[in-house]
Structure formats: structure tokens, C-alpha cells
Protein chains: 2
Amino acid sequence: MGKIKLGAIDTRGPKNWDKAEIKAETQKIIEEITAYQKILSASKKRSVLLILQGMDAAGKDGTVRNIFKGINPTSCRVAAFKKPTELEFSHDFLWRVHQVVPKNGEIVVFNRSHYEDILVPTVEGYINNDIIEKRYTHINDFEELLEDHGTTIIKCYLHVSKDEQLERLSERLNNPYKFWKHNDGDWDTREKWDDYMAVYENIFDKCDKIPWNIIPADRNWVKVYSVAKLLRDALVDMNLEWPKLETERFTDKII
Amino acid sequence: MGKIKLGAIDTRGPKNWDKAEIKAETQKIIEEITAYQKILSASKKRSVLLILQGMDAAGKDGTVRNIFKGINPTSCRVAAFKKPTELEFSHDFLWRVHQVVPKNGEIVVFNRSHYEDILVPTVEGYINNDIIEKRYTHINDFEELLEDHGTTIIKCYLHVSKDEQLERLSERLNNPYKFWKHNDGDWDTREKWDDYMAVYENIFDKCDKIPWNIIPADRNWVKVYSVAKLLRDALVDMNLEWPKLETERFTDKII
């Protein structure tokens, strides 16, 4: 039994937060992220991997859009994981993931991740339990490998309520600017809501060496602020420094 | 003999342009790009490849930073080409380039490109002329392949003066926030300025099926405006449309 019980965790966030204040604070944090990213990118010693998980319409895309506007795309990348291709299926489940992890100096966002390779097979039952159990271990080992190389991993579960999801999925059927987001399959997945919650709780329990952050996601401004703050704090903790000048020549040109 | 003579083209841009006006217009254009990118990304039928070439310190990085702030990194990528790795050298020169071209829905910026594989070998003389000549042909064929798939290619040469480059390279030796940009090799390349100009003129002549844009790059605000405008215009020309709703189900949920 996992320690995190999603049903017991609020999806809206603190009642006493003021929207205008939080939005202003978020803007400030995003500017700080931009400043730190410059040093991260110039010094090329560390990297950041931000993992976003959550049910359909939990707001993963919006998180990326809102936090990474203003961030230089030269050293920021988004990797979105969909249903594996035939080639990807012909490899171990971490093969395609490993190829797109951040290099030194980069911030990479995983929009969904290797955790989908536990979620879907467990709920759909198409991989047996022993293999699933081994995947948990492989994921822990893999994340440790990345951290040992200097990658800070931030894991976020965007916690949306079932009611709020219904609102959002319905909106996609009625707003012409959101038609492209509609996917019949999302409604089928919604039918298995409780199963997904159970697997998520198991994941939080078994893959907690790098802890999970449960982000209240029913209100976008709460969600964006919460994720941005985690990213900013991670960058601060890195104690980044501008590189020194490396040259043996041109001393005549240094004023 | 090429038709474009770089020595005859101004590096500062129109004298009568007003900086404040142009910057305001640039901001407007960037917002338009952001709006078009949403449709491009939702409809996933076309893509854009923006190629940035120019001497060291011509302002390629700054162009990316300034234009793509505010652009959703989910469907925007930057590919920077440095000296090829051993693995890359073991393939044809377009192998590594082909791997990172935009997929449908994406805007990709090439910070340097396959044109470096003509520039450096020609100036340094380490590949014979016949092979260089064939590379011109291969590049034209390759770009046609991408356009036939639905990729709009925008080619920009950031035209900086030799004096302005000296200012900028010297700044990198004296400003602690720019030390990381310093590279001894840039000063060696500078010694071969005229050779590079000659090859560039040859490129503009031989690879003009998709025309080159010579961007005045001594003043950053002129440069950013000019490139942003090309990108915006390309997006307008695509006549992008929001996708229709695709579903056979859920008619009961459509209001």
C-alpha cells in the first residue's frame, strides 16, 4: 500500500491563495529561471530533467507553454512520449527515453515519460506482473544513472479531479480551437480512472528515491506556479557559476 | 561569379529606420508568429526550417533567443551544428542534418547548417573541388526533398561587418558574462575573412533555388526584425487552418 493517497489530496490547491499575487510571483520566478538557464547553458556541467505525468487533460501541455515562454529554446527541449512505434517496441522500454535525456547545459521536459510503460501495461493487463515489477527497478536504476551524471530530476504528477477532466474533455468537443486536442481514446481511458489512480499510487511508492511532487492541477495558475517554483529551486540548489575565461592567447586584447 | 556581392551590401540596414518603432513592430510580429505556430502545430501538415548562417559573432544565438522567446518549445526546436563527431564524419555530410529536420507541425532553427560542410572544407582546402561541387548539388536536391514534403525553408545570412565582429570578439575577452563564448579558433577564422566571403557568394549563387536573405546584422534590432518578418510572412503564406473535429462518437456531448 502506497503512502500517497491521491483521493485524500486536494486538486485545487490552497484556498487562501490570491490569483493575482500568485500570477505576479510566477512571472518573477520565470524570469529567475531564464537567468539561471543562461548560466546552466554557459557552464555546461549540469542539466535538468522535468518529468510531467498526469491523466489526459491534466494540463501538461499548458505547463510547458506557460513556464517555458521566455526560455531560450537553444538549451531547452521538450520530449513527448506517445504510443511506441514498432521500432521502439523492438527495444527495451528505456531505449527511446535514454536517447532524449538532457545533455550538459540543457533543461529537458518529458511530457509523459517512462512511467507510461508501467501505467498502460498494468491497467490494460498486457504485460505480466513480474515484468512490471522489474520495470520499477529498472526505472529507479535509470534515474540514478542520470543523477550520477549531474542531471537533476524533478518529478511532477499533475493532480486533476475527475470532474475537472470531464469539463476539459467536453470543451475539446465544442471549441473549434481545441478540436485538434480531441481523442476518442481519452474517453475510454477515463473509464479506467480508479485503476490509473491505483497504479500511480504504486509508482509514487516504489519510485520515491527521487520524490514525487503532487501538483494541484484543477486551477492552471496554481499548477504553473507550483511547477515553476520547483524548477527555480532546483536551479538555485545547483550553485551555478559563470565559466572563467579559457585562453592562453590574446592577453594584449584584454583591457 | 556570384550575383550577390557582400562587400556592396550594407551591414547596418536602412538609415531612416527608427529603433523604437522597429522594436515595437518586432514585438507585434513575434506575437503573430506565436499565434500562427499554434495552428501549425495543431494541424500538423506543414513545417518550417529557418537556416541561420553567418561568421562567428554575427548574432545567430541572439536571433534565436530574441525571436523564439514566447514560442512554445513543444513544437519548436533548435539544432546547432558544430564540428562533426567521428560517427558523423563516417557518414555522408547530410546524414546528421537529415535526422533533425522539422517534422510536420514543427518550426526548427538550424544554427549553422549543411552549408558549413561547403564553407570550411573550401577555405581550409581539405576536400577536393569535385567533391565540393557535388555537395552543392546534393544540398539543392536535399532542400527540394524537404520542400516537397511540405517544409518551408527560410535561408538567412547574417551579414556582419569585420569591424563589428572585432568589437564583439573583444567583448568576449573582457566581459565575465561572455567569457564562455570566447573561442581561440574564432580569431583564426577571422584571418580568413575574405576567403569566407568568396565562398558565401558562391553558395548564394549556386544554391539560390530557395533564395538567400542577406540580413544586415551590425545592429541587433534590425537583424531580429528582419528575420522575424521573414518567418511571419512564411507562416502567413501557408494559409494554415485549424483542424476540424474528427470523431464518430460523443455526438451527445456536443452542445
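Described below are features of the structure shown in this document.

Cut-offs and rules
Residues numbered from 1 in each chain as written. Chains lettered and ligands numbered in written order. Predicted model: local features only at pLDDT ≥ 70, side-chain atom pairs only at ≥ 80, totals over all residues. Heavy atoms only, no water. Pairing = 2+ DSSP bridges. Helix = DSSP H or I, 4+ residues; strand = E, 2+ residues; numbered from the N terminus. Axes fitted to C-alpha atoms, helices over the stretch in contact; angles between N-to-C directions. Polar contact = N/O pair within 3.5 Å; in protein donor to acceptor, adjacent residues only side chain to side chain. Contact = heavy atoms within 4.5 Å. Patch = residues over 30% accessible without salt bridge, like charges linked within 9 Å, V, L, I, M, F, W, Y side chains within 5 Å. Areas by Shrake-Rupley, 256 points an atom, 1.4 Å probe, with all protein chains shown as cover. Salt bridge = Lys/Arg side-chain N within 4 Å of Asp/Glu carboxyl O. Lys, Arg positive; Asp, Glu negative; His and termini not counted. Charge placed at Lys NZ, Arg CZ, Asp CG, Glu CD. Buried < 20%, exposed > 50% of the residue type's maximum accessible area, 1.4 Å probe, protein only. Disulfide = S-S within 2.5 Å. Left-handed = near helix turned anticlockwise from the far one by under 90°. Nonpolar A, V, L, I, M, F, W, Y, C, P; charged D, E, K, R; others polar. Least-squares fit on C-alpha atoms with pLDDT ≥ 70 in both. Buried area = accessible area lost by both parts, 1.4 Å probe.

## A closer look at the sheet that holds strand β5 (residues 212-216) of chain A
Residues and elements named next belong to chain A.
Step number 1: Read across the open sheet, the five strands follow the order β2-β3-β1-β4-β5; overall the sheet is parallel. Here the strands that pair on one side only, and so sit at the sheet edges, are β2 (76-80) and β5. Across the sheet, the axes of successive neighbouring strands diverge by a mean angle of 20°, strand direction being ignored.
Step number 2: Of the strand pairs in this sheet, strand β1 (residues 47-54) and strand β3 (residues 107-111) are connected by five bridges, and their pairing is parallel. Bridging across to β3, Leu50 finds its partner in Val109.

## Focus on the side chain of Glu106 of chain A
All names here are of chain A.
Step number 1: Its location among the elements puts Glu106 in the loop between α4 (95-98) and β3.
Step number 2: Of the polar contacts made by the side chain of Glu106, one reaches the side chain of Arg77; its length is 2.9 Å.
Step number 3: Leaving out residues up to four positions away in the same chain, Glu106 has contacts with Leu40, Arg46, Ser47, Val48, Ser75, Arg77 and Val101.

## Details of the sheet that holds strand β5 (residues 212-216) of chain B
Consider a sheet: its strands pair through backbone hydrogen bonds, and that pairing is either parallel or antiparallel.
All names here are of chain B.
Step number 1: If you trace the five strands from one edge of the open sheet to the other, you get β2-β3-β1-β4-β5, paired in parallel fashion. Every other strand in the sheet has two partners, leaving β2 (76-80) and β5 as the edge strands with one partner each. Neighbouring strand axes in the sheet, compared pairwise and without regard to direction, differ in orientation by 20° on average.
Step number 2: Looking at chain direction, β2 and strand β3 (residues 107-111) are connected through five bridges and run parallel. Bridge assignment links Arg77 to a residue of β3, and that residue is Val108.

## Describing a positive patch on the surface
Step number 1: A contiguous patch of positive charge, built from Lys38 of chain A together with Lys19, Lys23, Arg65, Lys69 and Lys178 of chain B, is present on the exposed surface.
Step number 2: Residue placement: Lys38 of chain A occurs in helix α1 (residues 19-43).
Step number 3: The partly exposed category is assigned to Lys38 of chain A, whose relative accessible area is 42%.

## A closer look at the state of the cysteines
Step number 1: Under the criterion given, the structure shown has zero disulfides over all chains.
Step number 2: Here Cys76 of chain A is not cross-linked by a disulfide; its sulfur's nearest cysteine counterpart is in Cys76 of chain B, at 9.4 Å.
Step number 3: Left without a disulfide partner, Cys207 of chain B is nearest to the cysteine sulfur of Cys156 of chain B, which lies 15 Å away.

## A few points about the pairing of β3 of chain A
A regular strand places its side chains so that they alternate between the two faces of the sheet.
Step number 1: The buried fraction of β3 of chain A is high, at five of five residues.
Step number 2: Side chains Ile107, Val109 and Asn111 of chain A of β3 of chain A all project onto a buried face; the interleaved residues Val108 and Phe110 of chain A project onto the opposite face, where all are buried too.

## Let's talk about the packing of helix α1 (residues 19-43) of chain B against helix α10 (residues 220-237) of chain B
Residues and elements named next belong to chain B.
Step number 1: Running from N to C, α1 and α10 point in directions that differ by 35°, and their axes come no closer than 9 Å. For α1 against α10, the interelement crossing comes out left-handed. Packed against α1, whose contacting residues are Lys19, Ile22, Lys23, Glu25, Thr26, Ile29, Glu32, Ile33, Tyr36 and Leu40, the element α10 presents Trp221, Val224, Tyr225, Ala228, Lys229, Leu231, Arg232, Leu235 and Val236 at the interface.
Step number 2: Among the residues forming the contact of α1 with α10, the class breakdown is twelve nonpolar, one polar and six charged.

## Topic: the relation of the copies chain B and chain A
Step number 1: Least-squares fitting of chain B to chain A yields an RMSD of 0.0 Å, with the transformation described by 0.0 Å of translation along the axis and a rotation of 180°. One copy is carried onto the other by what is essentially a two-fold rotation axis. Minimal C-alpha distance to the rotation axis in chain B is attained by Gly70 of chain B, lying at 2.5 Å.
Step number 2: Same-surface contact between copies: 100% of interface residues of chain B are shared with the interface of chain A.

## Here's the deal with the interface of chain B and chain A
Quoted interface sizes are often the accessible area lost when the parts come together.
Step number 1: Listed as interface residues are 35 residues of chain B and, on the opposing side, 36 residues of chain A.
Step number 2: For the pair chain B and chain A, the two sides together bury roughly 3300 Å², of which 66% comes from carbon and sulfur.
Step number 3: When the area that chain B buries against chain A is broken down by residue, the three leading residues are Pro73, Trp180 and Leu245 of chain B, summing to 17%.
Step number 4: For the pair chain B and chain A, the interface holds two salt bridges.
Step number 5: Two residues, Asp188 of chain B and Arg249 of chain A, come together in a salt bridge whose shortest N-O distance is 2.8 Å.

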